[in-house]
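Structure at a glance
Here are the chains, one letter per residue:
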Amino acid sequence: MAAQKSVLLVDDSKFARLLVKAFISSNFADWEIDEAEDATNALAMVEDKTYDYLLVDFNMPGMDGLELGEKLRGLFPDAVIALLTANIQQEIQRKAESIGIDFLAKPPTEEKIRDYIASKEASR
């Protein structure tokens, strides 16, 4: 049995968080999943806890997902960080890549989330 992992979902859409949380829970039952509705809350949460996976929405009020991702990458050099967004512009994908963040296009599907995490787990 793999060690319990922790995931932080950052998205201003409660529906999006619930959806992704359900996908992760149904495939990685014992994992701990926390949620933040914006970058400010996410940064407060990571002060007290280390996460293995951070899935971050791009379009959020205040700080966007790339800015947050860059801060998180600095705090957690070994964590898996993915930008989960419907905004699939090449420029955003390149920027994510340049700061060491994966890019996952919305809408999230169970297969997409499961396969992404499974591939990351396999390479850890």
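See the structure above.
Residues numbered from 1 in each chain as written. Predicted model: local features only at pLDDT ≥ 70, side-chain atom pairs only at ≥ 80, totals over all residues. Heavy atoms only, no water.

Side chains on a regular strand alternate between the two faces of the sheet. Strand direction decides the pairing type here: strand β4 (residues 80-85) and strand β5 (residues 102-105), joined by four bridges, are parallel. Note on β5: the bridge partner recorded for Ala-82 is Asp-102. Following the chain from β4 across helix α4 (residues 90-98) to the adjacent parallel β5, one finds a crossover that is right-handed. (Pairing = 2+ DSSP bridges. Helix = DSSP H or I, 4+ residues; strand = E, 2+ residues; numbered from the N terminus. Right-handed = clockwise from strand over helix to strand, strands pointing away.)

If you look at the biggest cluster of nonpolar residues, it comprises 23 residues, and the most contacted ones within it are Leu-8, Val-10, Val-46, Leu-54, Leu-68 and Leu-72. Looking at this core, the elements that each hand over two or more residues are β1 (6-10), α2 (39-48), β3 (53-57), α3 (65-75), β4 and α4. Apart from residues no more than four positions distant in its own chain, Leu-54 is found in contact with Leu-8, Val-46, Leu-72, Phe-76, Ala-79, Val-80, Ile-81 and Ala-82. Grouped together as the second largest cluster of nonpolar side chains are 17 residues, Ile-24, Trp-31, Ala-82 and Leu-84 included. (Core = buried A, V, L, I, M, F, W, Y, C linked by side-chain atoms within 4.5 Å. Buried < 20%, exposed > 50% of the residue type's maximum accessible area, 1.4 Å probe, protein only. Contact = heavy atoms within 4.5 Å.)

Next up on the list: empty space enclosed by the protein. A complete count under the given rule lists one cavity of 30 Å³ or more for this structure. When its volume is computed, the largest cavity comes out at roughly 70 Å³. For the largest cavity, the full set of lining residues is Leu-9, Val-10, Asp-11, Ala-16, Arg-17, Val-20, Leu-55, Val-56, Asp-57, Leu-84 and Lys-106. Those elements that place two or more of their residues in the lining of the largest cavity are β1, α1 (14-27) and β3. A class-by-class count of the residues in the lining of the largest cavity yields seven nonpolar, no polar and four charged. (1 Å grid on protein atoms, 1.4 Å probe; cavity = no way out; pocket = protein on both sides within 12 Å on 5 of 7 lines; lining within 4 Å. Points joined across faces, edges and corners; volume = space filled by probe spheres on them. Nonpolar A, V, L, I, M, F, W, Y, C, P; charged D, E, K, R; others polar.)

This brings us to the pairing of β4. Of all six residues making up β4, six are buried, and the element is well covered by its neighbours. Where burial is concerned, the two faces of β4 agree: the one with Val-80, Ala-82 and Leu-84 and the one with Ile-81, Leu-83 and Thr-85 are both buried. Across five bridges, β3 lies against β4 in parallel orientation. By the bridge assignment for β4, Val-56 is matched with Leu-83. At this point the chain moves from β3, through α3, to the parallel β4, and the crossover so formed is right-handed.

Shape descriptors only; they carry no functional weight alone.
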